[in-house]
Amino acid sequence: MSMERADIAFKVNGAAVSVCVPPVRRLSSVLRDELHLTGTKVGCDAGDCGACTVLVDGGPVCACLMSVASAAGTVVTTVEGLANGRLSALQASFLDHGAAQCGICTPGLLVAATALLDSKPNPTEAETQDALGGVLCRCTGYRKIIAAVMDASRHADGVDRRMPQSGHAVGSSPIRLDGLPKVTGGEKFGGDSFPADALAVLVVRSPHYHARFAFGDLDAWIKAHPGAVGVYTAADIPGKNSFGVIAPFADQPALAEGFSRFRGEAVALVAGEREAMLDLDLSDFPVRWTELPHVLQPCEAQAGGAQLIHENRPANLLTTGFVERGDPEAALAGAAFTVSGAIDTSYVEHAYIEPEAGYAYMDGETLVVVACTQAPYMDRDDVAKVLGLAVDKVRIVPTATGGGFGSKLDVSLQPLIGLVAMKTGRPAALAYTRNESMISTTKRHPAEMKATIGADADGRIIGMVFAGDFNTGAYASWGPTVANRVPVHASGPYATPNYRAEGRAIHTNGPISGAFRGFGVPQATIMQETLYDELAEKLGLDRLDFRLKNCLRNGSETVTGQRLESGVGIAECLEALRPHWMRALVDAELFNAGSSTKKRGVGVASCWYGCGNTSLPNPSTIKVGISASGDVVLHQGAVDIGQGSNTVIAQICADALGLPLGKFRLKSADTAITPDAGKTSASRQTFVTGKAAEKAGRALRETMLRFANVSEKAAIALDGTSLVIREGEATRHIDLSALKADADGFVFRAEESYDPPTLPLDAKGQGKPYAVYGYGAQIAELEVDLRLGTAKLIKITAAHDIGKAINPLLAEGQIEGGIAQGIGMALMEEYIPGRTENLHDYLIPTIGDVPPIETILIEVPDPEGPFGAKGLGEHVLIPTAPAILNAIRHATGVLVTKIPATPSRIRAAIREKEARR
């Protein structure tokens, strides 16, 4: 029974409005659904994330916590009301500083900061942090947001000063090509453009970790609920009810059949009219559950007699990755010094501010799915398989994606809304709740790791053995990638002549573990880098010097036997940190001499990371053309989830083509019109798709020069519909509008692909798994309260070798954002099924948790990368947690071996140390 409605009047962005809705409806819902002001985002519906912040009579409020009745007679301002025909100073400052990455939290931040600036035009950093403390951001690391707010008064003209119309694009920092809609509220994310006639879809999920289930009378239940249109179960799925990102391991049903393997697994769909679904209570849904025994830890899953989660995977072992080189046992036996240790890490939630959302509809015989995703072509293939369609009868149109970090590589709601659209012939829409997103989507793999490392008397590493069990949860997802990538990287960027590493992905009934920024390497690096500190101490060596003594250099061989001929920049990163290291150690010593209850510590850690798939094909294709109207149209299918690929790939193409970036027009990912640029993961887009864009730009340039019969030394320009070609003293004008255009509207075109040259790994993990590696090192400075166990970060200094900084500002933003996620992993983030399934109980860093970050961009070009560039996105998170843990150890003398290092764990380790005295 629908709620009674009332007419409620108020002002929004200067205009009088009146809505007829139930008075208890959330203001956020009314703004979005009735007034179509979708700049106000919904990330949690609980006041935890602040994405829905609006001004009510000039003060910031969470619109999800305010009933529309409470807004009667007020003046409401949303992000759409900030511009007034031109950008506000604050919006311009956000663009200028690169303060918006994915953009999902940007409206809430802009609105909250507007209220601050109205009362304090020149706020301090502390005032800025206080004002924005209720708005969470998962991408930026907050530092550029703080700078943008404090610098807003300098942008009073609202002018865009950084879109170059000439000169080199590579190496410059123009505003993001997709930046404007992010700051105006115009960007359309997964839940922002649902068709008015779309059926709303609800998902019935398992409340148990492992259970058998059976349905009652579904038809009778539907009839008893006015507005409900249909219920759909696994029996309704017309194709193969199994999906997965790695085809040979695909094992996850879109809707479970007969029994569920994890808590939160989808078992049925209910579709109905939007208003009816808003009030529908699923507690009486006719499903009977029979709980079955479950295992949540790998040790339980591997114990003798444990029930198999998948019958075809003995001992619940999904797969194993292995790398061996030399004779590690003999090397360790002969080492002058050895250290051993064990470390466990926890589930980590991606916590993007945009929960999964999208809609589907039939376009003739083609199913169109419009949703947030990191991998449109992978989505297309899985949806087609599950729904029994030919791949050319499925079209995936990615929306803007409000953060992904790996979890939006796996399909989630795409086959579910597709099924409803196919069955009903009507559009079907679904936006996950925050709880639904957190219980049903993938996490970072918890790891149980142990390792031993040995060095000779001179401090050279001579051997290492590593073993890691990774809890991959109920289904495979990216478990095979983690198991294979970890052994390749577990040595760190150091020469390790004798080595054995094994990574095992083990099934449990826990949450599915998938891809999360680093594919297991951040966990393994914690193990290796904390042991390096211990080994340096045993050797009596400075910890930075020890790393420099052992780091890879040009000509070194990796643990897979790959010879790195050039482009190895880890030594340059460590050397760049040296003055900061020396200063930080002196600062800590001075502080500690005068403090007994608080101690300061300094930690350092390094990273390396192979860009792209491990020893597998990894191609990207880019299409670019010149239109008859004189635009450069770039079909850029690499999904930009905030990292900046829309801009960086266009910059690369612009310089390869020899035309200014300002002439480019983007055609973003759409499987119907844009070539496959591969998934946005594995730090591959700048390198792989960037290389394809470089090739396409050069090919297009060559086509135009050949048409004009001039040499490669000629300069080209676009003037309206005229192509201007200059060579020596001669200038020629070609009227583009007079040339015949092809089906894409191009008069000149090029399409090029690039696949990095790699080699398979043999039985001992020897080969060439990656064509390009990126490198980095970070210093963490912090203070530990010995009585409370709290760790307060003071500063992080980060040096990262990115080959060539295509866009330095975006590179800095990636580094700051990755560090913020590394801080969360190190100190606070622990997803516990059943306990931390919202953004109130699951803690991610707020604006007050991220200290000043000093970024040092190192450019050691790699000949394989476009203009020498390497990947960056995942590398930047890897060293942060181990640097923090090493700093805690430096401050307290104790290493926390269960991550995150919460105050209770730090305090327990200190107490244990004191008890041993």
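Here, every reference points to the structure presented above.
First, a word on what this report is: a plain description of the structure on this page. In this text, all values refer to a predicted model and were calculated from it rather than measured experimentally. Sequence positions are assigned chain by chain, starting from 1 and proceeding in written order. Local features in this predicted model are restricted to residues whose pLDDT is 70 or higher, and side-chain atom pairs enter the listing and the counts only when it is 80 or higher, whereas totals over whole chains, interfaces and linings include all residues. Where side-chain values are given, they derive from all heavy atoms of the structure, hydrogens and water being excluded.

### Things to note about the overall build of the protein
Argument step 1. Each helix is a run of DSSP H or I of at least 4 residues and each strand a run of E of at least 2, with the numbering of both proceeding from the N terminus. For the protein, the count of helices and strands is 22 helices and 33 strands.
Argument step 2. Taking 2.2 N^0.38 as the reference for a compact globule, 917 residues should give roughly 29 Å; the C-alpha atoms of the protein span a radius of gyration of 28 Å, in line with that estimate.
Argument step 3. Across its three principal axes, the protein shows a C-alpha extent of roughly 85 × 80 × 60 Å.
Argument step 4. Within the protein, the proportion of its 917 residues that are buried is 63%.
Argument step 5. By definition, residues are in contact when any of their heavy atoms lie within 4.5 Å. Of all intrachain contacts in the protein linking residues separated by at least 6 positions in sequence, the fraction that spans at least 24 positions is 77%.
Argument step 6. Accessible surface area values rest on a Shrake-Rupley calculation with a 1.4 Å probe, where residue burial reflects the displayed protein chains alone. Taken as a whole, the protein presents about 31,600 Å² of accessible surface, with 51% of it coming from carbon and sulfur.
Argument step 7. His residues and chain termini do not enter the charge count, which takes Lys and Arg as positive and Asp and Glu as negative. A single reference atom marks each charge: NZ on Lys, CZ on Arg, CG on Asp, CD on Glu. Computed over 86 positive and 102 negative side-chain charges, the inter-centroid distance for the protein is 2 Å. For the radius of gyration, the atoms used are the C-alpha atoms, and the globule rule reads 2.2 Å times the number of residues raised to 0.38. We call a residue buried when its accessible area falls under 20% of the maximum for its residue type, exposed when it is over 50%, and partly exposed in between, using a 1.4 Å probe and counting protein chains only.

### Notes on the side chain of aspartate 801
Argument step 1. Relative to the assigned elements, aspartate 801 resides in strand 32 (residues 791-801).
Argument step 2. N or O atoms within 3.5 Å of each other form a polar contact, as long as, within protein, one can give a hydrogen and the other can take it, and as long as residues adjacent in sequence are counted only when both atoms are side-chain atoms. Separated by 3.1 Å, the side chain of aspartate 801 and the backbone nitrogen of valine 860 make a polar contact.
Argument step 3. A polar contact of 2.3 Å, which involves the side chain of aspartate 801, links it to the side chain of lysine 870.
Argument step 4. Leaving out residues up to four positions away in the same chain, aspartate 801 has contacts with Gly567, Val568, Gly569, Cys573, Gly774, Tyr775, Ile858, Glu859, Val860 and Lys870.

### A word on the side chain of glutamine 374
Argument step 1. Inspection of the secondary structure puts glutamine 374 in the loop between strand 16 (366-371) and helix 11 (376-387).
Argument step 2. Polar side-chain contacts of glutamine 374 include one of 2.8 Å to the backbone oxygen of threonine 680.

### Overview of the nonpolar core
The tendency in soluble globular proteins is for nonpolar side chains to be buried as a group.
Argument step 1. Residues grouped as a nonpolar core are buried Ala, Val, Leu, Ile, Met, Phe, Trp, Tyr and Cys residues, joined through side-chain atoms within 4.5 Å. Judged by nonpolar contacts, the single largest core of 154 residues is most densely connected at Phe94, Phe466 and Ile884.
Argument step 2. The next biggest cluster of nonpolar side chains, apart from the first, holds 46 residues, and it includes Ala169, Ile626, Leu705 and Ile806.

### Brief notes about helix 2 (residues 89-97)
Argument step 1. Among the 9 residues that make up helix 2, 8 are buried, leaving the element largely enclosed by the rest of the structure.
Argument step 2. Those residues of helix 2 not exposed but buried are Leu90, Gln91, Ala92, Ser93, Phe94, Leu95, Asp96 and His97.
Argument step 3. Each element contacted by the buried residues of helix 2 is listed here: helix 3 (106-119), helix 5 (143-150), helix 6 (179-184) and helix 20 (808-827).
Argument step 4. In the stretch just after helix 2, glycine 98 is the one whose phi turns positive, near 65°.

### Concerning the pairing of strand 24 (residues 620-627)
Looking along a regular strand, one sees the side chains alternate between the two faces of the sheet.
Argument step 1. Of all 8 residues that make up strand 24, 8 are buried, and the element is covered over most of its length.
Argument step 2. Residues Ser620, Ile622, Val624 and Ile626 of strand 24 are buried on one face, and the alternating residues Thr621, Lys623, Gly625 and Ser627, pointing to the opposite face, are buried as well.
Argument step 3. A strand pair is defined by DSSP finding two or more bridges across the two strands. In this sheet, strand 25 (residues 632-636) lies alongside strand 24 in antiparallel orientation, the contact comprising 4 bridges. Bridging across to strand 25, lysine 623 finds its partner in histidine 635.

### Section: the sheet that holds strand 29 (residues 730-735)
The strands that make up a sheet are held in pairs by hydrogen bonds between backbone atoms, and each pair lies either parallel or antiparallel.
Argument step 1. Spatial ordering of the open sheet is given by 27-28-29, a layout of 3 strands whose pairing is antiparallel. Only two strands of the sheet have a single partner each, and these edge strands are strand 27 (715-719) and strand 29. Direction aside, the axes of adjacent strands within the sheet are offset by 20° on average.
Argument step 2. The pairing of strand 28 (residues 722-727) with strand 29 spans 6 bridges and is antiparallel. If you follow leucine 723 over to strand 29, its bridge partner there is isoleucine 734. Lines fitted to C-alpha atoms define the axes here, with helix axes fitted over just the stretch in contact, and angles between the N-to-C directions of these axes take values from 0 to 180 degrees.

### Brief notes about helix 22 (residues 903-916)
Argument step 1. By this rule the span expected of a helix is its residue count minus one, scaled by 1.5 Å. With 14 residues, helix 22 extends 20 Å from end C-alpha to end C-alpha; this agrees with the ideal 20 Å at 1.5 Å per step.
Argument step 2. Contacts from the buried residues of helix 22 go to strand 31 (773-785), strand 32 and helix 21 (880-892).

### Here we look at the pairing of strand 25
Argument step 1. Counting buried residues along strand 25, 5 of its 5 residues qualify, which places the element largely inside the surrounding structure.
Argument step 2. Note: strand 25 against strand 26 (residues 664-668), 5 bridges, orientation parallel. Within strand 26, the position partnered with leucine 634 by the bridge is leucine 666.

### So, the sheet that holds strand 3 (residues 53-56)
Argument step 1. One open sheet accounts for 5 strands, arranged 2-1-5-3-4; its pairing is mixed. In this open sheet, the two strands that pair with only one neighbour each are strand 2 (15-21) and strand 4 (59-62). Within the sheet, the average angular offset between the axes of one strand and its neighbour, ignoring direction, is 40°.
Argument step 2. For strand 1 (residues 6-12) and strand 2, the ladder comprises 7 bridges, and the chain directions are antiparallel. By the bridge assignment for strand 2, lysine 11 is matched with alanine 16.
Argument step 3. Across the face of the sheet, helix 1 (residues 27-34) comes into contact with strand 1, strand 2 and strand 3 while running at roughly 105° to strand 2.
Argument step 4. Strands strand 3, strand 4 and strand 5 (75-77) of the sheet are contacted by helix 3, whose axis makes an angle of about 35° with strand 3.

### Comments concerning the pattern of salt bridges
Argument step 1. Each reported salt bridge corresponds to a side-chain nitrogen of Lys or Arg within 4 Å of a carboxyl oxygen of Asp or Glu. The final tally for this structure, using the stated rule, is 53 salt bridges.
Argument step 2. Two residues, aspartate 192 and lysine 41, come together in a salt bridge whose shortest N-O distance is 2.6 Å. Remark: lysine 41 occurs in the loop between helix 1 and strand 3 and aspartate 192 occurs in the loop between helix 6 and strand 6 (199-205); sequence separation between them is 151 residues.
Argument step 3. For glutamate 187, the salt bridge identified is with lysine 182, shortest N-O distance 3.1 Å. Of the two residues examined, glutamate 187 and lysine 182, each falls in the buried class.
Argument step 4. One network of salt bridges, with partners in common, ties together Arg5, Arg25, Asp33, Glu34, Arg274 and Glu275.

### Notes on the packing of aromatic side chains
Centre distance and the angle of the planes are the two values used to describe a pair of aromatic rings.
Argument step 1. Stacked, edge-to-face and tilted labels apply to pairs of Phe, Tyr and Trp rings (six-membered ring for Trp) whose centres lie within 6.5 Å, assigned for plane angles under 30 degrees, over 60, and everything in between, in that order. Evaluation of the coordinates by the stated rule reveals 16 aromatic pairs.
Argument step 2. When the centroid spacing of 5.1 Å and the interplanar angle of 75° are considered together, the rings of phenylalanine 707 and phenylalanine 748 count as edge-to-face. Of this pair, phenylalanine 707 sits in helix 19 (residues 685-708) while phenylalanine 748 is found in strand 30 (residues 746-754), placing the two residues 41 residues apart along the sequence.
Argument step 3. On the basis of relative accessible area, phenylalanine 748 is assigned to the buried category, the value being 4%.
Argument step 4. Two conditions define a charge located above a ring, namely a distance within 6 Å from the ring centre to NZ of Lys or CZ of Arg, and an angle within 35 degrees of the ring normal. Seen from the ring of tyrosine 831, lysine 443 lies directly overhead, with NZ or CZ sitting 4.8 Å from the centre.
Argument step 5. The lysine or arginine in question, arginine 600, covers the ring of phenylalanine 591, its NZ or CZ lying 4.5 Å from the ring centre.

### Considerations on the packing of helix 15 (residues 521-539) against helix 21
Argument step 1. At a minimum axis distance of 8 Å, the contact between helix 15 and helix 21 shows a crossing angle of 35°. The crossing of helix 15 and helix 21 is right-handed. For the pair formed by helix 15 and helix 21, the contact residues are Thr525, Ile526, Glu529, Thr530, Asp533, Glu534 and Glu537 on the first element and Ala881, Pro882, Leu885, Asn886 and Arg889 on the second.
Argument step 2. Of the residues that constitute the contact of helix 15 with helix 21, the class distribution is 4 nonpolar, 3 polar and 5 charged. By convention the crossing between two helices is left-handed if the near helix lies anticlockwise of the far one by an angle smaller than a right angle, and right-handed if it lies clockwise. We call Asp, Glu, Lys and Arg charged. Ala, Val, Leu, Ile, Met, Phe, Trp, Tyr, Cys and Pro are nonpolar, and the rest, Gly among them, are polar.

### Side note on unusual backbone geometry
Argument step 1. The step from isoleucine 899 to proline 900 runs through a cis peptide bond, and the omega angle for that step is 15°.
Argument step 2. Relative to the assigned elements, proline 900 resides in the loop between helix 21 and helix 22.
Argument step 3. Even without a glycine there, the phi angle at asparagine 709 is positive, about 55°.
Argument step 4. Within the secondary structure, asparagine 709 sits in the loop between helix 19 and strand 27.
Argument step 5. By relative accessible area, which is 71% here, asparagine 709 ends up exposed.

### Some points on the environment of histidine 840
Argument step 1. Along the chain, histidine 840 falls in the loop between helix 20 and strand 33 (853-858).
Argument step 2. In this structure histidine 840 comes out as exposed when scored by relative accessible area, which is 55%.
Argument step 3. The sequence separation of histidine 840 and alanine 254 amounts to 586 residues, and the corresponding C-alpha distance is 29 Å.

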